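For reference, the chains in residue letters:
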Protein chains: 2
Amino acid sequence: MESCLEAIAQQLTQSDQILIISHKNPDGDTLGSAGGLFYALKQLGKQAAIICSDPIPKRFLYLFEEAQQFVLDFKPQLIVSVDVADVTLLGPKTQEFANQIDICIDHHKSNGVIAKQSYIEVEAAATCEIIYLLLKQMSVQIDRKIANCLYTGICTDTGCFKFSNTTPRTHRIAAALFESGCEYEQINRRLFDIKSMEYMMVKRDALEHLEFYYDKRVALIVISQALLQKIQVDVAELDGISAIPRQIEGVDIGIILKERPEGGYKVSIRTGATVDASELCKQLGGGGHARAAGCAIDADLETTKNKLLKVIQPIFQE
Amino acid sequence: MESCLEAIAQQLTQSDQILIISHKNPDGDTLGSAGGLFYALKQLGKQAAIICSDPIPKRFLYLFEEAQQFVLDFKPQLIVSVDVADVTLLGPKTQEFANQIDICIDHHKSNGVIAKQSYIEVEAAATCEIIYLLLKQMSVQIDRKIANCLYTGICTDTGCFKFSNTTPRTHRIAAALFESGCEYEQINRRLFDIKSMEYMMVKRDALEHLEFYYDKRVALIVISQALLQKIQVDVAELDGISAIPRQIEGVDIGIILKERPEGGYKVSIRTGATVDASELCKQLGGGGHARAAGCAIDADLETTKNKLLKVIQPIFQE
């Protein structure tokens, strides 16, 4: 049922045992939302716990200093999912709650969670923005810990206020979180500046093997299984590598070929405004968005490249 | 003379021919400040021009669509310097105005410009923040062009809201600029995502020759003259390369050795909280800040490295 934030605030205020559920492969927004809500509920003297199917990534551990957040030693009276777009994103540890979610708070357009009360605001840059508004409704005092959680979700989901989902409200909430003592400098350094040694090694390899086609309007990077097995890099960090080809000035189509363990290649294509990536990938049995799409090609490297370049060729033929 | 923003606003409102001066090697803040003020003065029906000793870098050309901003075809009644910390930063084309500056608007602590009226606010993350407040005083309607200029200065000087100089006010001004139609998505992509081919080539070379010392707590990169002559990379972009060694997880000291055309090396040292970079550089005849310092070493590469490692050694000896 679609619900308003006031009703959800009231429901939370009236409950004493609350379980918060994050999505699997947790990111800054689901963890920041869960942490922010957790600390708020504790401030109000309630029992609360967070549950997530996957371990908390090392880079987000600073949100949970005491690690008591993940101990469920009570029978939940209310179950709240945060930033969970669909029950398929719950994962094995939280699957059992799929049909028992009381409150669903999210900002994904495609939300498919069935809950007694749902608050989905697609215009929110991050679920943490909604949690901020909710906590204000609940008259929670936003302290340093809560501010750090909510800022983390907002800055990760907006690429530190760079992406188009950022709104005036996003900036105004950030201002308020600063005033609540949010440690934004350390958080930003940790999330955006520091790279693992493994990431740098994969990046070096990627740049060494950067290839250009069609008058340097297409850039291609290959990430081999041999490399991934030699260097154990975090999946979240690999995303940064995928952005490289399209970052180069003048490149319209950036391609990343990631070799699969079973052979063949996972292809990611990122394009500028003039090329539809999903159209290209559709021709190879894949799909996606206009600016970012993907497909899989069951072939060796040379064949894979040739198939791709053949599909791309018409674009540069005029 | 220290002056208040109201007085400066009044002075500008009462003048009809205004010359705006940016500092040499112009960055986003000096150009954004100049552009924002220029468009505001034109909106008020005044004659205005901007003068800068160096050409506008390609990456900031979007601020000046018509390029009429740089035509000085009137006798200035009022001369305003923006983001100019010292007269030594004027450069040959604007040096003649060094003793004629009427109004100096800046946010540098060390401001040494002599002007009839000065407004220096060190807490401002960018001079563009001050210009925003000034334009509000002048009852200027912040339109898209002005918003793009002011946002550019703010996001370049704060690393897109990442650095410690960002304040609640910075975020609130950004919110207001969004509401004035600022094209933040394109601006951020242009300023933070797109890299030149040359930059990627230098980065590749730097990563290829990354060296580690003292249990990987020291990382070192060499940028040779041979490379810089082969690849003509923009100086502003080279700054990004200097950050690489210290970005690596676990690295306390990042060192960049840039070979000078006349031989020898320009050394840049960046450190974490535990090491004082200026102390290290002082021992080699240089200086700087606690986290970023530099020196020059007149020697070949091997000797340069050895001198550096010898100065660093005591830190890791416990």
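Everything here concerns the structure above.
Thresholds applied
- Residues numbered from 1 in each chain as written.
- Chains lettered and ligands numbered in written order.
- Predicted model: local features only at pLDDT ≥ 70, side-chain atom pairs only at ≥ 80, totals over all residues.
- Heavy atoms only, no water.
- Salt bridge = Lys/Arg side-chain N within 4 Å of Asp/Glu carboxyl O.
- Helix = DSSP H or I, 4+ residues; strand = E, 2+ residues; numbered from the N terminus.
- Pairing = 2+ DSSP bridges.
- Axes fitted to C-alpha atoms, helices over the stretch in contact; angles between N-to-C directions.
- Contact = heavy atoms within 4.5 Å.
- Buried area = accessible area lost by both parts, 1.4 Å probe.
- Least-squares fit on C-alpha atoms with pLDDT ≥ 70 in both.
- Phe/Tyr/Trp six-rings, centres within 6.5 Å; stacked < 30°, edge-to-face > 60°.
- Buried < 20%, exposed > 50% of the residue type's maximum accessible area, 1.4 Å probe, protein only.
- Lys NZ or Arg CZ within 6 Å of the ring centre and 35° of its normal.

*Asks:* Quick question: what am I supposed to make of the pattern of salt bridges here?
*Replies:* Residue and element names in this part refer to chain A. The tally for this structure, following the rule as stated, stands at 30 salt bridges over all chains. For Arg 144, the salt bridge is made with Glu 65, and the minimal N-O distance between the two is 3.8 Å. Linking Arg 144 in helix H4 (residues 144-157) with Glu 65 in the loop between strand E2 (47-51) and strand E3 (78-82), this pair joins segments that are 79 residues apart in sequence. Note that Asp 252 and Arg 217 form a salt bridge whose closest N and O atoms lie 2.7 Å from each other.

*Asks:* Please explain the sheet that holds strand E4 (residues 103-106) of chain A as it appears in this structure.
*Replies:* Across a sheet, strands are paired by hydrogen bonds formed along the backbone, either parallel or antiparallel in direction. Residue and element names in this part refer to chain A. Spatial ordering of the open sheet is given by E2-E1-E3-E4-E5, a layout of five strands whose pairing is parallel. The sheet terminates laterally at E2 and strand E5 (117-120), the two strands that pair on one side only. On average, adjacent strands in this sheet sit at an angle of 15 degrees to one another, irrespective of strand direction. Across four bridges, E4 lies against E5 in parallel orientation. Counted as the bridge partner of Cys 104 is Ser 118 from E5. On top of the sheet, helix H1 (residues 5-14) reaches strand E1 (17-21), E3, E4 and E5; it is set at about 130 degrees to E5, its chief contact.

*Asks:* Teacher, can you tell me more about the interface of chain A and chain B here?
*Replies:* It is common to give the size of an interface as the accessible area that goes away when the parts come together. Contacts between the two partners involve 41 residues from chain A and, on the opposite side, 41 residues from chain B. Between chain A and chain B lies a buried interface of about 3900 Å² when both sides are counted; carbon and sulfur atoms form 59% of it. If you sort the residues of chain A by the area they bury against chain B, Lys 162, His 171 and Met 197 of chain A come out on top, with a joint share of 16%. Applying the counting criterion to the chain A and chain B interface returns six salt bridges. Among the salt bridges present, the one from Glu 249 of chain B reaches Lys 58 of chain A, with a minimum N-O distance of 3.7 Å.

*Asks:* Just checking my understanding: could you explain the relation of the copies chain A and chain B for this structure?
*Replies:* In summary, the two copies of the chain are related to each other by a rotation about an axis coupled with a shift along it. With an RMSD of 0.1 Å, the fit of chain A onto chain B corresponds to turning through 180 degrees and sliding 0.0 Å along the axis. Both copies are brought into coincidence by an operation consistent with a two-fold rotation axis. Interface residue correspondence from chain A to chain B reaches 100%, placing this contact among same-surface, isologous pairings.

*Asks:* What is the right way to read the environment of Leu 227 of chain B from this model?
*Replies:* Residue and element names in this part refer to chain B. Tracing the sequence through the fold places Leu 227 in helix H8 (residues 225-230). Sequence separation between Leu 227 and Met 201 is 26 residues, and the spatial gap between their C-alpha atoms is 9.3 Å. When residues no more than four places from it in sequence are discounted, the contact partners of Leu 227 are Val 202 and Asp 205.

*Asks:* I keep staring at the sheet that holds strand E7 (residues 218-223) of chain A and nothing clicks. Help me out?
*Replies:* All names here are of chain A. Taken together, the six strands give an open sheet; going across it, the order is E6-E7-E8-E9-E11-E10, and neighbouring strands pair in mixed fashion. Edge positions in the open sheet fall to strand E6 (211-213) and strand E10 (287-288), since each of these has one partner strand only. Two elements, E7 and strand E8 (residues 253-259), share six bridges in a ladder whose sense is parallel. In the strand pairing of E8, Leu 220 is matched with Ile 255.

*Asks:* Which parts of the structure should I look at to understand the packing of aromatic side chains?
*Replies:* Centre distance and the angle of the planes are the two values used to describe a pair of aromatic rings. For the structure shown, the criterion picks out 13 aromatic pairs over all chains. Here the aromatic rings of Tyr 151 of chain A and Phe 161 of chain A are separated by 6.1 Å at their centres, their planes lie at 45 degrees, and the arrangement is tilted. With a gap of 10 residues between them, Tyr 151 of chain A in helix H4 and Phe 161 of chain A in the loop between H4 and helix H5 (168-179) connect regions that are remote in the sequence. Overall, Tyr 151 of chain A belongs to the buried group, its relative accessible area being 0%. Here the aromatic rings of Phe 64 of chain B and Phe 70 of chain B are separated by 4.9 Å at their centres, their planes lie at 70 degrees, and the arrangement is edge-to-face. The structure contains a cluster of three or more aromatic residues connected by ring pairs, namely Tyr 151, Phe 161, Phe 178 and Tyr 184 of chain A together with Tyr 151, Phe 161, Phe 178 and Tyr 184 of chain B. Lying over the aromatic face of Phe 212 of chain A, Lys 216 of chain A brings its terminal NZ or CZ to 5.9 Å of the ring centre. One Lys or Arg, Lys 195 of chain B, reaches over the ring of Tyr 199 of chain B and ends 5.3 Å from the middle of that ring.

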